[in-house]
Amino acid sequence: MGMRIKAKLKGDVVKVKAMAKHPMMTYDIAEKKTGSRDNANFITHWDGNVNGKVVFDASTSQFLSKNPIVKYEFKAAGFKKGDKLVMTWVDLKGKKKTGHAKIK
Amino acid sequence: MQRRNFLTLGAVAAATAVVAPALQAADERKAHPDAWTAKTVDDALKALYGKTLADAKEANVTVKTPDVASNGGAVPVDMSCDVECESFALLQDVNPESCVVVFDQNDVTIPKNSVKIKMKKSGSVYAVAKGKDGNLYYGKKTLEVALGGCEG
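Residues numbered from 1 in each chain as written. Chains lettered and ligands numbered in written order. Predicted model: local features only at pLDDT ≥ 70, side-chain atom pairs only at ≥ 80, totals over all residues.

Asks: Is there a simple way to think about the overall build of chain B in this case?
Replies: Along the backbone of chain B there are three helices and eight strands. Taken over 152 residues, chain B has a buried fraction of 44%. Within chain B, contacts between residues at least 6 apart in sequence are counted, and of these 66% link residues at least 24 apart. (Helix = DSSP H or I, 4+ residues; strand = E, 2+ residues; numbered from the N terminus. Buried ≥ 20, exposed ≤ 12 C-beta atoms within 10 Å, placed from the backbone. Contact = placed C-beta atoms within 7 Å.)

Asks: What should I look at first to understand the overall build of chain A in this one?
Replies: From N to C terminus, chain A includes one helix and seven strands. Walking chain A from its N terminus toward its C terminus, one meets helices and strands in the order β-β-α-β-β-β-β-β. Expressed along its principal axes, the backbone C-alpha trace of chain A runs to roughly 50 × 20 × 20 Å.

Asks: Any chance you could explain unusual backbone geometry here in plain terms?
Replies: Apart from glycine, the bulk of residues carry a negative phi angle, and the bulk of peptide bonds sit in the trans form. If you check the backbone angles, A:Met24 has positive phi at about 45° while not being a glycine. With respect to the helices and strands, the residue A:Met24 is situated in the loop between β2 (13–20) and α1 (27–34). We classify A:Met24 as buried; it has 24 C-beta atoms within 10 Å. Here B:Asn60, not a glycine, exhibits a phi torsion of approximately 65°, which is positive. Mapped onto the elements of the fold, B:Asn60 is located in the loop between α3 (41–49) and β1 (61–64). For B:Asn60, a count of 17 C-beta atoms within 10 Å translates into the label partly exposed.

Asks: What's the story with the environment of B:Asp34 in this structure? I'm lost.
Replies: Tracing the backbone through its elements, the reader meets B:Asp34 in the loop between α2 (28–31) and α3. Distance from B:Asp34 to B:Ala44, taken between C-alpha atoms, is 7.3 Å for residues ten residues apart in sequence.

Asks: In this structure, what is going on with the environment of A:Lys95? I would like to understand it.
Replies: Tracing the chain through its elements places A:Lys95 in the loop between β6 (84–91) and β7 (96–102). As for A:Lys95 and A:Thr60, which are separated by 35 residues in sequence, their C-alpha atoms are 15 Å apart.

Asks: Help me understand the sheet that holds strand β6 (residues 109–117) of chain B in this model?
Replies: What links the strands of a sheet is backbone hydrogen bonding, and the strands pair in either a parallel or an antiparallel sense. On the basis of which strands lie adjacent, the open sheet formed by six strands has the order β1(A)-β2(A)-β5(A)-β6(B)-β3(B)-β1(B) and antiparallel pairing. Only two strands of the sheet have a single partner each, and these edge strands are β1 (3–10) of chain A together with β1 of chain B. Neighbour-to-neighbour, the strand axes of this sheet turn through a mean angle of 15°, independent of strand direction. Relative to β2(A), β1(A) is paired through eight bridges, and the arrangement is antiparallel. The residue bridging A:Ala7 from the neighbouring strand is A:Val16, located in β2(A). (Pairing = 2+ DSSP bridges. Axes fitted to C-alpha atoms, helices over the stretch in contact; angles between N-to-C directions.)

This is the structure we're talking about:
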């Protein structure tokens, strides 16, 4: 699917764990394995919103692990169980992937 | 502040142009491109926040990793900050470039994150927060890496 997301409302905080499927190939590995640094590709931006409100915003580098995992939290005020969290990543080559999960 | 632009990859500019403007999410790659090519922690911090570690207080920020990471390709890092901040960044001093990830903050985000990162060898990670009060706060953790991780 590209992204696995779990969002849980606990008290006044929503806790999220998200995993993206991506090789996160660094420039060094691209050069070593393919002969060209131009083949490097990794997620450069990853964000999340609930009903259009940004709840997560990360600018990322080649140094997140392969199939990167991130945990984050945001204040639950204004959100409730059943609300849909939509996350999107963009990579160096311009590919975009969106995933979503309901807050439980 | 002199901006030396090392970026030669048009692909980075193309990638940032694809981000949906409707989300109104910040994008540190567009805002501070030099931060992503900086080789040292101080150069990355200068590009991101206009300050260096010497200007920062080693307080209010916690960063945790294992003392010995068995796999340098996936070092677990927990970072948190207990002051209101605008931005929360993770850097290290062993990879070809220093900046790993920058979490932009707004009125609902909480500066508390966990990620897994690559570390080429033993060294230090730094979690740095730009406080709403304009100060920089940081926490540092030095660790051993058993098997270097930039090689995949």
